[in-house]
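Working through the structure, step by step
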Amino acid sequence: FASLDPKRRGKDFVSMPIFFEADDTEHKGEKSHFLLDWFYDDRPMKDCIPLIVSKIIERKITRLYVERNTEECIEMLLTDKLHEQGYYSCVIEEVYSTEPKDRRIMSAEGEIKSRMIFPKFGIYAPSHPIGNALQNVYGYTYNGKVLHDDAPDSLALYARRFLMNSQAKLAEISIFSR
């Protein structure tokens, strides 16, 4: 599973954390999501598309959740490129979010901390894409402006689609007499 926060402008990063789901030995009955890889790049979006396609194929991603924050339809673009490569196993969903980024991150914080498993801090150098992304996650704060919030935002996007939705239960309707 993966989520993609495309680059909109200037100093933003394209952020696509990639996870695999496995049983959690500490919390029986729950699934944890372990970070497998992370595409984290500050190049223009058009330069990143072929790299994202390669990463989807390499990691055999079957479900990708994409934030629609640009004029382009990233879903169609990626689907076309994947099909050109003969890869048909990835279902891509696109969502447009109107909620402010900091609120999205805050509402997903519990799921990120409790059900996402990350490598030990320091295993990846800050110059490595995973190390750079994790440094921006660990350094994120709700107080003031953060230079790069793309990594925590892509985690919030992932949590909302693959963790919070899986826990959602529909309210039961009951009929009672007055």
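Residues numbered from 1 in each chain as written. Predicted model: local features only at pLDDT ≥ 70, side-chain atom pairs only at ≥ 80, totals over all residues. Heavy atoms only, no water.

**Section: the pattern of salt bridges**
Pairs may arise between side chains of opposite charge once their charged atoms sit close together. The tally for this structure, following the rule as stated, stands at 16 salt bridges. For Asp37, the salt bridge is made with Arg59, and the minimal N-O distance between the two is 3.1 Å. In this pair, Asp37 sits in strand 3 (residues 31-41) while Arg59 sits in the loop between helix 1 (45-58) and strand 4 (63-67), placing the two residues 22 residues apart along the sequence. The salt bridge involving Glu58 is made with Lys55; its shortest N-O contact spans 3.9 Å. (Salt bridge = Lys/Arg side-chain N within 4 Å of Asp/Glu carboxyl O. Helix = DSSP H or I, 4+ residues; strand = E, 2+ residues; numbered from the N terminus.)

**So, the packing of aromatic side chains**
Counted by the stated rule, this structure contains 9 aromatic pairs. When the centroid spacing of 5.4 Å and the interplanar angle of 20° are considered together, the rings of Phe20 and Phe34 count as stacked. Taken together, the residues span a long stretch of sequence, with Phe20 in strand 2 (residues 14-23) and Phe34 in strand 3 at a distance of 14 residues. For Phe20, a relative accessible area of 39% translates into the label partly exposed. One aromatic cluster in this structure is built from Phe1, Phe19, Tyr65, Phe118, Tyr158 and Phe162. Looking at Arg161, its charged tip hangs above the ring of Tyr65, at a distance of 5.7 Å from the centre. (Phe/Tyr/Trp six-rings, centres within 6.5 Å; stacked < 30°, edge-to-face > 60°. Buried < 20%, exposed > 50% of the residue type's maximum accessible area, 1.4 Å probe, protein only. Lys NZ or Arg CZ within 6 Å of the ring centre and 35° of its normal.)

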